[in-house]
Structure formats: C-alpha cells, structure tokens
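These are the residues of each chain, in order.
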Amino acid sequence: MPPSADPDWQRRVIERAKELDHEHRRHPRSLWQSGAGLALSLHFLRTATRQLLTAPRRPEPRRVEHPGPGQIAVTFVGHATVMLTTPLARVLTDPYLGDFLLGLRRAEAACLHSADAADLNLILISHAHRDRLDLASLRRLPGRAAVLVPPRCASLVKRLGFARVVELAPGQSFEYADVEVTAVAARHEGARGLFDRAWRGTCGYIVRSAGANVYFAGGTAYFSGFEEIGRRLHPDVALLPVAGYQPPVLREDNMSPLDAVQAFTDLGARLLVPVGHGSFPLGYEPLDEPLRWLRQICADRGLSAQLAVLGHGETCFVRAGDGKSLGP
Ligand SMILES: [Zn+2]
C-alpha cells in the first residue's frame, strides 16, 4: 500500500500542516496577522522604489572547474538559478540572468562566469512563471544544451533553437553523461501569466550523480510530497525556496523559512541550500528577512551545521556519503 493511502499517514500530514500554520501565526515576524499589513505594503513599495534607483551589486564571477570523481559543485547564481557541476556535466536551474523582473530591479546581479555558461549541457525549468522561464536569459545560453521543462511548456521554448527540448512529467527521467535527472511533483500554480489559458505543469528535479543527489524543488509550497521524494529518491542536498511568503496567502504557492526547514526534515537530506532570496522582493517581507529567520530556526533546532547559505556566485563542493565534505 502506498503511504498516501494509509489513514495514519494522512492524519500525520494534516497534523503537520496544521502545526506549521500555528507556528506561523505565533511567530513575531508574522506581522500581517497582527494588523501590520499596511506597514508591510508600504515597506514593500519603499524597497521596490529604492531598488529601482540603485544599481544591483555585481559580484565578480569566478570560474568553477569540473570537480574530481565523486564530487559535485553547487554554485548559487542568484534568485532560483543554481549551477551544478559534475566531473562530466554542467546543469543550470531556472536561469534568470537579467536585472529587471516585471518592473522590479534586482538587489544583486546574477553571478555566472561566461565560460561556465558556454559550457552548459542541461537546463532545468521548473515552471512557466516569468522569473523561472525567461526567454531573454535562455537566449544567452548555448544552443547545444538540452532544456528540460514540465508538461505543456515545450512550446514556450521550442523556437529558441536549442538542440533538444524535453518535457518531463513527475516520475520521468533524462540521462546525460554522468547525471540522471528525474522530475518530481511540486505544489505551485504554473500558468505563464494572468491571461495564459493553457494548463501548464510544474516540477522539481532530482539530479543524481556519483557525487551526490541534489534536489531542486523549483517553486513550491510545503506539501506532503517531500516525505515521498525523500523516501524514494534520497536527496543529499536540498535546494529549497525560502522567500515570497508575506502576505500569508502566498504560502499557497511558496515556502517560508519555517516551511523549508520542515520540508528539509521530511526529505531526510543532509545539506540545506536556500534559494530564491536576496534578488527580487517577490513577497512583502523585507529582502533580508528570509535568511535571518532561516538561520535562527536552524540554530534553535541544532541544524546550523547542515545549512549552507551561499552568496551570489559562491560554490560548495559536496561528496556523497562523506559528511565531512559538506558545506562551503
Ligand atoms: Zn512561480
């Protein structure tokens, strides 16, 4: 019997979701519920306006060499863009390389060395939202790369001239050199925009290599699927989104740091690398709040050694089965 058909499992999942809601309500940072919605809206407008007038910080990109056997390099490029480098392959998630998104200006520019971008083999797209499937960014990447997209998203990418565009539904896999990519479920609405009438899929991905299994969650809210992904696909590293959670209704599609830590626990992964923070204010919370809150939760729960916060352009090397190699 699959766990999802077990009434005890269902009760546990519902109970866990209720506990998370309760913790969010009593957390001092949940100002929305304490009548501070207007203050948060004004704060958002002030942040967005200030950013419009300020050029993004531009860290100097450094080349990331292919690691030796049994290792994988994880590089945070910015927003949800992460580069994974194995001995024989280079993979990029949700490339967003521009400075503006829907009228918002970045606080920190994407940090990817041009030589590494030219060396890409696989591009993973989690869903069709404009911050994840960006045509201008894709045009800057090499046409010989294969692009993996969720169901009903290939038509958006096909005209860009990539060698292969492959739709992967959850459970399906794609192999290239020393990596195998498996699509997994996510809880996120995937329409391209307000007037997109197509029902588009949304995915996370597990990237398996001899170095380690890396889970890129894409865009997702907290959901019962994390436990299942952990049980079946054993991720070592979890790349989890931690921003865009205020006002609370956004938690229908996105995770707060508290949700992400619960997801990390459900997955049974060994290293948590937060993504989605520090570039664009996509929720009403201050831009620096997600990492501050995440660090606090991890400290309170004795998980600090398993948290790897990477700045834009920073890399950590991970090796499977060797806890000592974890971290930047
Ligand atoms: Zn999205």
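Because the structure is predicted, anything quoted here is derived from the model rather than measured. For every chain, the first residue of the written sequence is number 1, and numbering continues from 1 onward in sequence order. In keeping with the predicted nature of the model, local features appear solely for residues at pLDDT of at least 70, side-chain atom pairs appear and are counted solely at 80 or more, and the whole-chain, interface and lining totals rest on all residues. Hydrogens and waters are ignored; side-chain quantities use all the structure's heavy atoms.

Considering the overall build of the chain
Part 1 of the argument: Secondary structure follows DSSP: runs of H or I at least 4 residues long count as helices, runs of E at least 2 residues long count as strands, and numbering of each begins at the N terminus. If you tally the helices and strands in the chain, you get 8 helices and 15 strands.
Part 2 of the argument: Using C-alpha atoms as the atom set, the radius of gyration is obtained and then compared with a globule rule of 2.2 Å times the number of residues to the power 0.38. Relative to the 2.2 N^0.38 estimate, which gives 20 Å for 328 residues, the radius of gyration of the chain is 19 Å and therefore close to what a compact globule would have.
Part 3 of the argument: Dimensions along the principal axes, computed over C-alpha positions, put the chain at roughly 55 × 50 × 45 Å.
Part 4 of the argument: Here the chain holds 328 residues, and the buried ones make up 56% of them. Think of it in three bands: with a 1.4 Å probe and only protein chains considered, a residue is buried below 20% of the maximum accessible area for its type, exposed above 50%, and partly exposed in between.

Looking at the nonpolar core
Part 1 of the argument: Ranked by size, the top nonpolar core spans 32 residues in total, and within it Val-74, Leu-84, Leu-148, Tyr-205, Leu-239 and Val-318 carry the most contacts.
Part 2 of the argument: In this structure, Val-184, Tyr-222, Ala-238 and Leu-240 belong to the second largest nonpolar core, which totals 31 residues. Nonpolar core, defined: a set of buried Ala, Val, Leu, Ile, Met, Phe, Trp, Tyr and Cys residues in which side-chain atoms within 4.5 Å join the residues together.

Quick word on the sheet that holds strand E3 (residues 90-93)
Part 1 of the argument: A strand pair is defined by DSSP finding two or more bridges across the two strands. Strand order across the open sheet formed by 7 strands is E8-E7-E6-E3-E2-E1-E15, with mixed pairing between neighbours. Among the strands making up the open sheet, the edge pair consists of strand E8 (164-167) and strand E15 (315-319). Here the average twist between neighbouring strands, direction ignored, is 20°. Think of each axis as a best-fit line through the C-alpha atoms, taken over the contacting stretch in the case of a helix, with angles from 0 to 180 degrees between the N-to-C directions.

Describing unusual backbone geometry
Part 1 of the argument: Residue Gln-246 is joined to Pro-247 through a cis peptide bond whose omega torsion reads 0°.
Part 2 of the argument: Tracing the backbone through its elements, the reader meets Pro-247 in the loop between strand E13 (237-241) and helix H7 (257-267).
Part 3 of the argument: Located in the positive-phi region is His-79, a residue other than glycine, with phi close to 50°.
Part 4 of the argument: Locating His-79 in the fold gives a position in the loop between strand E1 (71-78) and strand E2 (81-85).

Here we look at the environment of Arg-11
Part 1 of the argument: With respect to the element layout, Arg-11 can be found in helix H1 (residues 7-26).
Part 2 of the argument: Sequence separation between Arg-11 and His-66 is 55 residues, and the spatial gap between their C-alpha atoms is 45 Å.

Regarding the pairing of strand E12 (residues 213-216)
Part 1 of the argument: Side chains of E12 alternate between two faces, with Asn-213 and Tyr-215 and Val-214 and Phe-216 buried alike.
Part 2 of the argument: Between the end of strand E11 (residues 203-208) and the start of E12, which pair antiparallel, lie 4 residues.
Part 3 of the argument: Across 3 bridges, the pairing between E12 and E13 is parallel. Its bridge partner lying in E13, Phe-216 is registered against Leu-239.

Notes on H1
Part 1 of the argument: To estimate the expected span of a helix, subtract one from its residue number and multiply by 1.5 Å. Between its terminal C-alpha atoms H1 stretches 29 Å, which fits the 28 Å expected from 20 residues at 1.5 Å a residue.
Part 2 of the argument: When H1 is considered as a whole, its buried residues turn out to be Trp-9, Val-13, Arg-16, Leu-20 and His-24. Looking down the long axis of H1, one finds its buried residues gathered within 70° of arc, a one-sided arrangement. Exposed residues pointing more than 90 degrees away from the buried face of H1 are listed as Arg-11, Ile-14, Lys-18, Arg-25 and Arg-26.
Part 3 of the argument: Lining the buried residues of H1 we find helix H6 (225-233), H7 and helix H8 (289-300). The arc in question is the one spanned by the directions pointing from the helix axis to the C-beta atoms. Contacts: residue pairs with any heavy atoms within 4.5 Å of one another.

Side note on the pairing of E13
Part 1 of the argument: Among the 5 residues of E13, 5 are classified as buried, and the element is accordingly described as predominantly covered.
Part 2 of the argument: Look down the strands so they point away from you; if going from the first strand over the helix to the second traces a clockwise path, that crossover is right-handed. Following the backbone out of E12, through H6 and into the adjacent parallel E13, one traces a crossover that is right-handed.
Part 3 of the argument: The β-α-β motif built from E13, the intervening H7 and the parallel element strand E14 (residues 271-275) has right-handed crossover chirality.

Observations concerning the layout of surface pockets
Part 1 of the argument: Cavity means a closed set of points on a 1 Å grid over the protein atoms alone, one where a 1.4 Å probe fits but cannot get out, pocket means an open set with protein on both sides within 12 Å along at least 5 of 7 lines, and lining means a residue has an atom within 4 Å of a point. Grid points are joined across faces, edges and corners, and a volume is the space filled by probe spheres set on the points. Taken as a whole, the largest pocket encloses approximately 620 Å³ of empty space.
Part 2 of the argument: Here the second largest pocket is characterised by a volume of approximately 460 Å³.
Part 3 of the argument: Every residue lining the second largest pocket is counted, 22 residues in all, and those nearest its centre are Arg-57, Ala-107, Gly-278, Leu-287 and Asp-288.
Part 4 of the argument: Sorting the residues of the lining of the second largest pocket by element identifies helix H2 (37-52) and H8 as the ones contributing at least two each.
Part 5 of the argument: Among the elements that make up the lining of the second largest pocket, the one with the highest residue count is H2 (4 residues).
Part 6 of the argument: Each residue is assigned to one of three groups, with Ala, Val, Leu, Ile, Met, Phe, Trp, Tyr, Cys and Pro labelled nonpolar, Asp, Glu, Lys and Arg labelled charged, and all others, Gly among them, labelled polar. Of the residues in the lining of the second largest pocket, the class split is 8 nonpolar, 8 polar and 6 charged.

Side note on the pattern of salt bridges
Part 1 of the argument: Between Lys or Arg on one side and Asp or Glu on the other, a salt bridge is scored when a side-chain nitrogen of the former is within 4 Å of a carboxyl oxygen of the latter. Applying the stated criterion to the full structure yields 19 salt bridges.
Part 2 of the argument: Note that Arg-16 and Glu-227 form a salt bridge whose closest N and O atoms lie 2.8 Å from each other. Highlighted residues: Arg-16 in helix H1 and Glu-227 in helix H6, separated in sequence by 211 residues.
Part 3 of the argument: On the accessibility criterion, Glu-227 (18% relative accessible area) is buried.
Part 4 of the argument: Sharing partners across several salt bridges, the network here consists of Arg-12, Arg-16, Glu-227 and Asp-266.

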